Amino acid sequence: MPGEKLPGETEIAETYRVNRQPYAARWRPLAERGLVRAERGSGTYVEATRRIAYPLRSRTRFSEIVGAGGHEPRGQLIDASDDLATRELHASSV
């Protein structure tokens, strides 16, 4: 969640019995992308999600806009049903 403090390097190293240095290097790419922020003496925190500029044009392409923002475009089906269209619905789409 945005603002959430992540476990410290020492805590992760002790929990998973790994060297602290490789773990510390893993945060850099995340910080460069603006996903986490490190505060000296305080810890590393999850950043708020950045908004993507989404200009509407005659040929707007979701995948191009999202991809240009450094994200992977994807979709998720939320709901589906098999219903017959009513006469009113059909007339409004013509």
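This is a predicted model, so every value here is computed, not measured.

A. The overall build of the protein, seen in detail. Within the protein one finds four helices and two strands. Going from the N terminus to the C terminus, the protein shows its helices and strands as α-α-β-β-α-α. A globule of 94 residues ought to have a C-alpha radius of gyration of about 12 Å, yet the protein, at 22 Å, is considerably larger. Expressed as lengths along the three principal axes of its C-alpha atoms, the size of the protein is roughly 65 × 30 × 20 Å. Taking all 94 residues of the protein together, 12% fall into the buried category. For the protein, contacts bridging at least 24 residues in sequence account for 29% of all contacts bridging at least 6. Of the roughly 8,700 Å² that the protein leaves accessible, carbon and sulfur atoms contribute 51%. Counting 15 positive and 13 negative side-chain charges, the protein places the centres of these two groups 8 Å from one another.

B. Region of the structure containing the pattern of salt bridges. Enumeration over the complete set of coordinates arrives at two salt bridges. Of the charged contacts in the structure, one is a salt bridge between Glu39 and Arg37, with a shortest N-O distance of 2.9 Å. For Arg37, a relative accessible area of 29% translates into the label partly exposed. In this structure, Glu47 and Arg37 form a salt bridge, with 2.8 Å as the shortest nitrogen-oxygen distance.

C. View of the nonpolar core. If you look at the biggest cluster of nonpolar residues, it comprises five residues: Leu6, Ile12, Tyr23, Trp27 and Val36. Filtering out sequence-adjacent residues up to four positions away, Tyr23 remains in contact with Pro7, Gly8, Glu9 and Ile12.

D. The arrangement of unusual backbone geometry in detail. We note that Arg17 has phi near 55°; this positive angle belongs to a residue other than glycine. As for its placement among the helices and strands, Arg17 is situated in the loop between helix 1 (9–16) and helix 2 (20–32). Exposure remark for Arg17: the relative accessible area of 78% places this residue in the exposed category.

E. Fine view of the pairing of strand 2 (residues 43–46). Summarising the sheet, strand 1 (residues 36–39) and strand 2 pair through four bridges and their orientation is antiparallel. Bridge assignment links Val36 to a residue of strand 2, and that residue is Val46. If you look at the hairpin formed by strand 1 and strand 2, you'll find three residues sitting between the two strands, and Gly41 has a positive phi there, around 80°.

F. Expanded view of the side chain of Thr44. By the element assignment, Thr44 lies in strand 2. Note on Thr44: relative accessible area 14%, which makes it buried. Beyond its immediate sequence surroundings of up to four residues, Thr44 is in contact with Glu4, Lys5, Leu6, Trp27, Val36, Arg37 and Ala38.

Conventions used here
- Residues numbered from 1 in each chain as written.
- Predicted model: local features only at pLDDT ≥ 70, side-chain atom pairs only at ≥ 80, totals over all residues.
- Heavy atoms only, no water.
- Helix = DSSP H or I, 4+ residues; strand = E, 2+ residues; numbered from the N terminus.
- Rg over C-alpha atoms; globule rule 2.2 N^0.38 Å.
- Buried < 20%, exposed > 50% of the residue type's maximum accessible area, 1.4 Å probe, protein only.
- Contact = heavy atoms within 4.5 Å.
- Areas by Shrake-Rupley, 256 points an atom, 1.4 Å probe, with all protein chains shown as cover.
- Lys, Arg positive; Asp, Glu negative; His and termini not counted.
- Charge placed at Lys NZ, Arg CZ, Asp CG, Glu CD.
- Salt bridge = Lys/Arg side-chain N within 4 Å of Asp/Glu carboxyl O.
- Core = buried A, V, L, I, M, F, W, Y, C linked by side-chain atoms within 4.5 Å.
- Pairing = 2+ DSSP bridges.

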